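The primary structure of each chain is shown beneath.
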Amino acid sequence: MRRVFVTRRIPDEGLRLLEAEDLAVHVGQSREDAGVDRASLLKEAARSHGLLSLLTEPVDRELLEASPGLLGVANCAVGYDNVDVEAATELGVPVSNTPGVLTDTTADLTWALLLGVARRIPEAHEYTVAGRFRIWGPNLLLGADVSPGGSGRRKVLGIVGPGRIGAAVAERAAGFRMEVLAHGRSESRESRESGGELKKGERRQEAPGTTSPTGPLMRRTSLDELLERSDFVSLHLPLTEATHHLIGEAELRRMKESAYLINTSRGAVVDEEALVKALREGWIAGAGLDVYENEPALTPGLAELDNVIVAPHIGSASRDTRARMATMAAENLLHHLRGERAPNVVNPQVYETEAWEARRARSNQ
Ligand code: DGY
(Lines give C-alpha, C1' and ligand atoms only; values in the text may rest on other atoms or scores of the structure.)
Protein backbone atom coordinates (compact mmCIF):
# COMPACT_ATOMS: atom_id res chain seq x y z
CA MET A 1 0.00 0.00 0.00
CA ARG A 2 1.27 3.49 -0.89
CA ARG A 3 2.09 5.71 2.05
CA VAL A 4 1.62 9.46 2.18
CA PHE A 5 2.83 11.88 4.79
CA VAL A 6 0.80 15.03 5.39
CA THR A 7 3.09 17.17 7.47
CA ARG A 8 0.36 19.02 9.43
CA ARG A 9 -3.39 18.66 9.69
CA ILE A 10 -4.95 20.28 6.63
CA PRO A 11 -8.69 21.02 6.27
CA ASP A 12 -10.76 17.83 6.30
CA GLU A 13 -11.86 18.24 2.68
CA GLY A 14 -8.29 17.50 1.57
CA LEU A 15 -7.68 14.68 4.02
CA ARG A 16 -10.94 13.00 3.04
CA LEU A 17 -9.84 12.90 -0.59
CA LEU A 18 -6.67 11.05 0.37
CA GLU A 19 -8.40 8.76 2.84
CA ALA A 20 -10.91 7.72 0.18
CA GLU A 21 -8.04 6.16 -1.78
CA ASP A 22 -6.22 2.95 -1.03
CA LEU A 23 -3.48 4.78 0.84
CA ALA A 24 -1.91 4.79 4.27
CA VAL A 25 -2.28 8.45 5.29
CA HIS A 26 -0.14 9.75 8.14
CA VAL A 27 -0.52 13.25 9.58
CA GLY A 28 2.58 14.61 11.31
CA GLN A 29 1.19 17.32 13.51
CA SER A 30 -2.43 17.91 14.47
CA ARG A 31 -1.88 20.90 16.75
CA GLU A 32 -2.56 24.26 15.12
CA ASP A 33 0.22 26.05 17.01
CA ALA A 34 3.07 23.65 16.33
CA GLY A 35 4.98 22.37 13.35
CA VAL A 36 6.33 18.93 12.66
CA ASP A 37 9.84 18.51 14.04
CA ARG A 38 12.65 18.06 11.57
CA ALA A 39 13.66 14.56 12.68
CA SER A 40 10.10 13.24 12.24
CA LEU A 41 9.77 15.02 8.91
CA LEU A 42 12.95 13.37 7.59
CA LYS A 43 11.98 9.96 8.95
CA GLU A 44 8.44 10.10 7.59
CA ALA A 45 9.40 11.48 4.18
CA ALA A 46 12.00 8.74 3.80
CA ARG A 47 9.29 6.09 4.24
CA SER A 48 6.65 7.74 2.05
CA HIS A 49 5.63 7.75 -1.60
CA GLY A 50 3.93 11.13 -1.38
CA LEU A 51 4.57 14.21 0.73
CA LEU A 52 1.95 16.91 1.29
CA SER A 53 3.85 19.83 2.78
CA LEU A 54 3.05 23.31 4.03
CA LEU A 55 5.15 26.44 3.73
CA THR A 56 6.37 25.86 7.30
CA GLU A 57 8.51 22.84 6.37
CA PRO A 58 11.77 23.09 4.47
CA VAL A 59 11.71 20.41 1.79
CA ASP A 60 15.39 20.64 1.02
CA ARG A 61 18.07 18.58 -0.67
CA GLU A 62 18.81 16.62 2.49
CA LEU A 63 15.19 15.51 2.76
CA LEU A 64 14.85 14.74 -0.93
CA GLU A 65 18.08 12.74 -1.07
CA ALA A 66 16.96 10.71 1.93
CA SER A 67 13.57 9.89 0.33
CA PRO A 68 14.18 7.55 -2.62
CA GLY A 69 10.57 6.37 -2.76
CA LEU A 70 9.03 9.82 -3.05
CA LEU A 71 6.92 10.26 -6.18
CA GLY A 72 6.05 13.88 -5.57
CA VAL A 73 5.75 16.80 -3.21
CA ALA A 74 2.41 18.61 -3.12
CA ASN A 75 2.95 21.95 -1.41
CA CYS A 76 -0.28 23.32 0.00
CA ALA A 77 0.47 26.97 -0.89
CA VAL A 78 0.98 29.00 -4.02
CA GLY A 79 4.46 29.98 -2.84
CA TYR A 80 7.03 27.19 -2.80
CA ASP A 81 10.19 28.90 -1.59
CA ASN A 82 10.28 26.27 1.18
CA VAL A 83 11.00 23.61 -1.46
CA ASP A 84 14.37 23.21 -3.15
CA VAL A 85 12.87 22.82 -6.62
CA GLU A 86 16.25 22.60 -8.30
CA ALA A 87 17.26 19.64 -6.15
CA ALA A 88 13.83 18.06 -6.62
CA THR A 89 14.14 18.27 -10.40
CA GLU A 90 17.64 16.86 -10.35
CA LEU A 91 16.49 13.99 -8.14
CA GLY A 92 13.37 13.30 -10.24
CA VAL A 93 10.74 14.54 -7.79
CA PRO A 94 7.78 16.50 -9.21
CA VAL A 95 6.67 19.45 -7.06
CA SER A 96 3.24 21.08 -7.22
CA ASN A 97 1.53 24.10 -5.65
CA THR A 98 -1.98 25.57 -5.31
CA PRO A 99 -2.21 28.62 -7.60
CA GLY A 100 -5.30 30.65 -8.41
CA VAL A 101 -7.65 29.58 -5.64
CA LEU A 102 -6.25 31.97 -3.06
CA THR A 103 -5.94 34.99 -5.35
CA ASP A 104 -9.09 36.81 -4.26
CA THR A 105 -8.74 35.95 -0.58
CA THR A 106 -5.17 37.27 -0.48
CA ALA A 107 -6.13 40.39 -2.45
CA ASP A 108 -8.93 41.05 0.07
CA LEU A 109 -6.51 40.75 2.99
CA THR A 110 -4.12 43.12 1.23
CA TRP A 111 -6.89 45.70 1.11
CA ALA A 112 -7.85 45.04 4.72
CA LEU A 113 -4.27 45.84 5.76
CA LEU A 114 -4.08 48.85 3.45
CA LEU A 115 -7.32 50.36 4.71
CA GLY A 116 -6.61 49.33 8.29
CA VAL A 117 -3.24 51.03 8.49
CA ALA A 118 -4.30 54.13 6.52
CA ARG A 119 -7.40 54.66 8.67
CA ARG A 120 -5.71 53.47 11.90
CA ILE A 121 -8.29 50.78 12.62
CA PRO A 122 -6.30 48.81 15.26
CA GLU A 123 -5.61 52.03 17.21
CA ALA A 124 -9.25 53.05 16.89
CA HIS A 125 -10.36 49.65 18.17
CA GLU A 126 -8.02 49.79 21.17
CA TYR A 127 -9.09 53.36 21.93
CA THR A 128 -12.77 52.41 21.87
CA VAL A 129 -12.58 49.18 23.87
CA ALA A 130 -10.39 50.92 26.46
CA GLY A 131 -13.33 53.24 27.19
CA ARG A 132 -11.48 56.34 25.96
CA PHE A 133 -14.19 57.38 23.47
CA ARG A 134 -15.94 60.10 25.45
CA ILE A 135 -16.73 62.67 22.76
CA TRP A 136 -16.45 62.93 18.97
CA GLY A 137 -13.34 64.94 18.12
CA PRO A 138 -12.35 66.85 14.98
CA ASN A 139 -8.74 65.77 15.41
CA LEU A 140 -9.32 62.29 16.72
CA LEU A 141 -7.31 59.49 15.06
CA LEU A 142 -6.81 61.26 11.75
CA GLY A 143 -5.63 58.95 9.03
CA ALA A 144 -4.90 59.05 5.31
CA ASP A 145 -7.40 58.95 2.46
CA VAL A 146 -7.35 55.98 0.13
CA SER A 147 -9.84 57.44 -2.33
CA PRO A 148 -9.47 61.08 -3.47
CA GLY A 149 -11.29 62.18 -0.29
CA GLY A 150 -10.68 65.63 1.09
CA SER A 151 -7.74 66.51 -1.15
CA GLY A 152 -9.53 65.48 -4.34
CA ARG A 153 -6.25 63.95 -5.57
CA ARG A 154 -6.40 60.42 -6.98
CA LYS A 155 -4.09 58.25 -4.91
CA VAL A 156 -1.43 56.11 -6.52
CA LEU A 157 -1.21 52.38 -5.83
CA GLY A 158 2.07 50.73 -6.78
CA ILE A 159 1.90 46.99 -7.39
CA VAL A 160 5.29 45.30 -7.25
CA GLY A 161 4.64 41.95 -8.91
CA PRO A 162 1.50 42.35 -11.06
CA GLY A 163 0.83 38.61 -11.38
CA ARG A 164 -2.41 36.95 -10.34
CA ILE A 165 -2.66 38.41 -6.83
CA GLY A 166 -1.17 41.78 -7.76
CA ALA A 167 -3.70 42.14 -10.58
CA ALA A 168 -6.56 41.23 -8.25
CA VAL A 169 -5.38 43.92 -5.83
CA ALA A 170 -5.26 46.41 -8.70
CA GLU A 171 -8.76 45.39 -9.78
CA ARG A 172 -10.11 46.43 -6.37
CA ALA A 173 -8.45 49.86 -6.69
CA ALA A 174 -11.05 50.90 -9.28
CA GLY A 175 -13.58 51.49 -6.51
CA PHE A 176 -11.17 53.92 -4.87
CA ARG A 177 -10.55 55.72 -8.17
CA MET A 178 -6.82 55.13 -7.84
CA GLU A 179 -4.09 55.38 -10.42
CA VAL A 180 -2.24 52.05 -10.54
CA LEU A 181 1.44 51.60 -11.35
CA ALA A 182 2.98 48.18 -11.77
CA HIS A 183 6.49 46.81 -11.74
CA GLY A 184 7.04 43.17 -12.63
CA ARG A 185 9.69 40.72 -11.61
CA SER A 186 10.76 40.40 -15.23
CA GLU A 187 12.44 43.76 -14.72
CA SER A 188 15.58 43.03 -12.80
CA ARG A 189 17.22 45.51 -10.48
CA GLU A 190 19.54 46.43 -13.37
CA SER A 191 16.74 47.27 -15.79
CA ARG A 192 14.84 49.55 -13.46
CA GLU A 193 14.59 52.25 -16.04
CA SER A 194 12.45 50.16 -18.39
CA GLY A 195 8.92 51.38 -19.07
CA GLY A 196 5.87 50.13 -21.01
CA GLU A 197 2.19 49.57 -20.56
CA LEU A 198 0.22 46.72 -19.04
CA LYS A 199 -3.15 46.19 -20.63
CA LYS A 200 -6.30 46.72 -18.61
CA GLY A 201 -6.22 44.18 -15.76
CA GLU A 202 -3.38 42.22 -17.41
CA ARG A 203 -2.49 39.02 -15.58
CA ARG A 204 0.17 36.45 -15.99
CA GLN A 205 -0.16 32.68 -15.70
CA GLU A 206 -3.95 32.91 -15.50
CA ALA A 207 -5.39 29.95 -13.59
CA PRO A 208 -8.82 28.41 -13.82
CA GLY A 209 -11.15 29.77 -11.16
CA THR A 210 -9.62 33.25 -11.12
CA THR A 211 -12.17 36.04 -11.59
CA SER A 212 -11.99 38.11 -14.76
CA PRO A 213 -10.15 41.41 -14.50
CA THR A 214 -12.17 44.60 -14.39
CA GLY A 215 -9.58 46.82 -12.75
CA PRO A 216 -8.07 50.09 -13.82
CA LEU A 217 -5.28 50.42 -16.31
CA MET A 218 -1.98 49.46 -14.72
CA ARG A 219 0.87 51.45 -16.12
CA ARG A 220 4.11 49.57 -16.06
CA THR A 221 6.95 51.61 -14.71
CA SER A 222 10.41 51.32 -13.24
CA LEU A 223 10.67 50.32 -9.58
CA ASP A 224 12.17 53.70 -8.77
CA GLU A 225 9.28 55.63 -10.29
CA LEU A 226 6.77 53.37 -8.60
CA LEU A 227 8.40 53.90 -5.21
CA GLU A 228 8.67 57.66 -5.68
CA ARG A 229 5.09 58.19 -6.84
CA SER A 230 3.00 55.67 -4.93
CA ASP A 231 0.89 56.49 -1.90
CA PHE A 232 0.59 52.74 -1.27
CA VAL A 233 3.16 50.17 -2.35
CA SER A 234 1.91 46.59 -2.31
CA LEU A 235 4.26 43.62 -2.74
CA HIS A 236 3.20 40.49 -4.63
CA LEU A 237 6.41 38.73 -5.56
CA PRO A 238 7.59 35.20 -4.92
CA LEU A 239 10.70 34.95 -2.77
CA THR A 240 13.71 34.13 -4.92
CA GLU A 241 17.36 35.12 -4.84
CA ALA A 242 16.45 38.05 -7.11
CA THR A 243 13.63 39.34 -4.88
CA HIS A 244 15.34 38.79 -1.50
CA HIS A 245 15.54 42.23 0.18
CA LEU A 246 14.25 43.89 -2.99
CA ILE A 247 12.86 46.54 -0.65
CA GLY A 248 15.74 47.70 1.52
CA GLU A 249 16.94 50.97 2.96
CA ALA A 250 17.49 52.67 -0.42
CA GLU A 251 14.03 51.70 -1.66
CA LEU A 252 12.30 52.75 1.56
CA ARG A 253 14.08 56.09 1.41
CA ARG A 254 12.75 56.54 -2.12
CA MET A 255 9.16 56.26 -0.95
CA LYS A 256 7.15 59.31 0.07
CA GLU A 257 7.01 60.15 3.78
CA SER A 258 3.24 59.88 3.49
CA ALA A 259 3.34 56.45 1.80
CA TYR A 260 2.46 53.02 3.16
CA LEU A 261 4.07 49.64 2.43
CA ILE A 262 1.86 46.55 2.33
CA ASN A 263 3.35 43.06 2.19
CA THR A 264 1.27 39.90 1.78
CA SER A 265 3.87 38.01 -0.28
CA ARG A 266 6.96 36.78 1.55
CA GLY A 267 8.68 38.55 4.42
CA ALA A 268 12.22 38.37 3.12
CA VAL A 269 11.33 40.45 0.06
CA VAL A 270 11.72 43.30 2.56
CA ASP A 271 14.77 44.04 4.70
CA GLU A 272 12.81 44.10 7.95
CA GLU A 273 15.50 45.87 9.98
CA ALA A 274 15.51 48.69 7.45
CA LEU A 275 11.71 48.76 7.57
CA VAL A 276 11.66 49.14 11.36
CA LYS A 277 14.08 52.05 11.00
CA ALA A 278 11.94 53.58 8.24
CA LEU A 279 8.78 53.32 10.33
CA ARG A 280 10.46 54.61 13.49
CA GLU A 281 12.19 57.53 11.80
CA GLY A 282 9.26 58.49 9.57
CA TRP A 283 10.77 57.79 6.15
CA ILE A 284 7.35 56.29 5.38
CA ALA A 285 3.99 56.70 7.10
CA GLY A 286 3.18 53.09 7.91
CA ALA A 287 3.07 49.44 6.94
CA GLY A 288 0.59 46.58 6.80
CA LEU A 289 2.33 43.23 7.08
CA ASP A 290 1.12 39.65 6.89
CA VAL A 291 4.54 38.05 6.39
CA TYR A 292 7.95 38.38 8.05
CA GLU A 293 11.55 37.93 7.19
CA ASN A 294 12.17 35.39 9.96
CA GLU A 295 8.64 34.15 10.35
CA PRO A 296 7.14 33.71 12.90
CA ALA A 297 9.64 35.99 14.70
CA LEU A 298 9.22 39.73 14.28
CA THR A 299 12.28 41.95 14.01
CA PRO A 300 12.78 43.68 17.38
CA GLY A 301 10.92 46.95 17.51
CA LEU A 302 8.33 46.10 14.87
CA ALA A 303 5.56 45.11 17.27
CA GLU A 304 5.98 48.27 19.36
CA LEU A 305 5.31 50.69 16.51
CA ASP A 306 1.86 52.23 16.24
CA ASN A 307 2.10 52.89 12.50
CA VAL A 308 2.11 49.22 11.58
CA ILE A 309 -0.50 46.47 11.41
CA VAL A 310 0.83 42.96 11.76
CA ALA A 311 -1.11 39.78 10.98
CA PRO A 312 0.04 36.15 11.35
CA HIS A 313 0.31 35.17 7.65
CA ILE A 314 -3.45 34.85 7.08
CA GLY A 315 -3.59 36.03 3.46
CA SER A 316 -5.40 32.92 2.24
CA ALA A 317 -7.15 32.19 5.53
CA SER A 318 -10.83 31.97 4.64
CA ARG A 319 -12.63 28.69 5.33
CA ASP A 320 -13.55 28.11 1.69
CA THR A 321 -10.16 29.01 0.29
CA ARG A 322 -8.22 26.86 2.74
CA ALA A 323 -10.57 23.95 2.01
CA ARG A 324 -9.99 24.42 -1.72
CA MET A 325 -6.23 24.65 -1.24
CA ALA A 326 -6.31 21.38 0.71
CA THR A 327 -8.32 19.56 -1.97
CA MET A 328 -6.11 20.99 -4.70
CA ALA A 329 -2.95 19.81 -2.91
CA ALA A 330 -4.52 16.39 -2.32
CA GLU A 331 -5.50 16.13 -6.00
CA ASN A 332 -1.97 17.09 -7.02
CA LEU A 333 -0.59 14.44 -4.67
CA LEU A 334 -2.83 11.75 -6.15
CA HIS A 335 -1.46 12.59 -9.60
CA HIS A 336 2.08 12.35 -8.25
CA LEU A 337 1.33 8.96 -6.72
CA ARG A 338 -0.11 7.61 -9.98
CA GLY A 339 3.00 8.77 -11.80
CA GLU A 340 0.89 11.16 -13.87
CA ARG A 341 1.67 14.75 -14.71
CA ALA A 342 0.19 16.84 -11.87
CA PRO A 343 -2.01 19.78 -12.98
CA ASN A 344 -0.04 22.32 -10.96
CA VAL A 345 3.46 20.97 -11.29
CA VAL A 346 6.04 23.75 -10.92
CA ASN A 347 8.95 21.76 -12.39
CA PRO A 348 7.40 20.10 -15.47
CA GLN A 349 10.87 19.48 -16.88
CA VAL A 350 11.21 16.76 -14.24
CA TYR A 351 9.07 14.49 -16.41
CA GLU A 352 11.85 14.44 -19.01
CA THR A 353 14.45 13.19 -16.53
CA GLU A 354 15.81 9.68 -16.11
CA ALA A 355 15.69 10.25 -12.38
CA TRP A 356 11.90 10.54 -12.50
CA GLU A 357 11.57 7.48 -14.76
CA ALA A 358 13.71 5.53 -12.31
CA ARG A 359 11.53 6.57 -9.37
CA ARG A 360 8.40 5.58 -11.23
CA ALA A 361 9.87 2.22 -12.23
CA ARG A 362 11.01 1.53 -8.65
CA SER A 363 7.57 2.32 -7.26
CA ASN A 364 5.94 -0.20 -9.59
CA GLN A 365 8.21 -3.08 -8.59
C1 DGY B 1 0.81 30.85 -0.06
O2 DGY B 1 -0.06 30.09 -0.51
O3 DGY B 1 1.92 30.90 -0.55
C4 DGY B 1 0.43 31.70 1.09
O5 DGY B 1 1.49 32.38 1.61
C6 DGY B 1 -0.28 30.92 2.16
O7 DGY B 1 -1.50 30.60 1.67
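Please read these numbers as outputs of a predicted model, since none were measured by experiment. (Residues numbered from 1 in each chain as written. Predicted model: local features only at pLDDT ≥ 70, side-chain atom pairs only at ≥ 80, totals over all residues. Heavy atoms only, no water.)

Here the residue pair E295 and P296 is connected by a cis peptide bond, since its omega of 5° sits within 30 degrees of zero. Here P296 shows up in the loop between β12 (286-289) and β13 (308-310). Phi angles above zero are rare outside glycine, and H245 is one such case at about 55°. For H245, the position within the fold is in the loop between β10 (232-235) and α9 (249-254). (Helix = DSSP H or I, 4+ residues; strand = E, 2+ residues; numbered from the N terminus.)

Turning our eyes to something else, we now look at the side chain of T105. Among the secondary structure elements, T105 is positioned in helix α5 (residues 103-118). The class for T105 is buried, based on a relative accessible area of 16%. Dropping the residues within four chain positions of it, T105 is found in contact with G315, S316, A317, S318 and T321. (Buried < 20%, exposed > 50% of the residue type's maximum accessible area, 1.4 Å probe, protein only. Contact = heavy atoms within 4.5 Å.)

Core analysis: the biggest nonpolar cluster contains 43 residues, and L18, L52, W111, L157 and F232 have the highest contact counts within it. Of all the secondary-structure elements, those providing two or more residues to this core are β1 (2-8), α1 (12-19), α5, β6 (156-160), α7 (164-172), β7 (179-183), β11 (260-263) and α11 (319-338). For this core, the two domains that each supply at least three residues are domain 1 (2-100 + 319-363) and domain 2 (103-310). Counting 30 residues, the second largest nonpolar core, distinct from the first, contains L246, L252, V269 and L279. (Core = buried A, V, L, I, M, F, W, Y, C linked by side-chain atoms within 4.5 Å. Domains from an automatic or database assignment.)

Next up on the list: the site of the ligand. Lining the immediate environment of the ligand, one finds L55, A77, V78, G79, L102, R266, H313, S316 and M325. Between the ligand and V78 there is a distance of 2.7 Å, counted from an oxygen atom to a backbone nitrogen or oxygen. Relative to its free-state accessible area of 230 Å², the ligand is covered by the protein chains to the extent of 90%. Looking at the shell around the ligand residue by residue, the classes come out as five nonpolar, three polar and one charged. (Near = heavy atom within 4 Å. Polar contact = N/O pair within 3.5 Å; in protein donor to acceptor, adjacent residues only side chain to side chain. Areas by Shrake-Rupley, 256 points an atom, 1.4 Å probe, with all protein chains shown as cover. Nonpolar A, V, L, I, M, F, W, Y, C, P; charged D, E, K, R; others polar.)

Below, the discussion takes up the sheet that holds β1. Two orientations exist for strands paired in a sheet by backbone hydrogen bonds: parallel and antiparallel. Taken in spatial order, the five strands make up an open sheet running β2-β1-β3-β4-β5, and their pairing is parallel. Looking along the sheet, the strands with just one partner apiece sit at the ends: β2 (23-29) and β5 (95-96). Strand direction decides the pairing type here: β1 and β2, joined by six bridges, are parallel. Along β2, the bridge assignment pairs F5 with H26. Across the face of the sheet, α11 comes into contact with β1, β2, β3 (50-53), β4 (72-75) and β5 while running at roughly 175° to β4. (Pairing = 2+ DSSP bridges. Axes fitted to C-alpha atoms, helices over the stretch in contact; angles between N-to-C directions.)

All right, on to the domain arrangement of the protein then. Per the domain assignment, the segments making up the protein are domain 1 (2-100 + 319-363) and domain 2 (103-310). Here domain 1 and domain 2 have C-alpha centroids that lie 32 Å from each other. When domain 1 packs against domain 2, close to 620 Å² is buried across both sides, 46% of that on carbon and sulfur atoms. In this structure, the connection of domain 1 to domain 2 is made through one salt bridge. Between D81 and R266 there is a salt bridge, with its nearest N and O atoms 2.8 Å apart. (Buried area = accessible area lost by both parts, 1.4 Å probe. Salt bridge = Lys/Arg side-chain N within 4 Å of Asp/Glu carboxyl O.)

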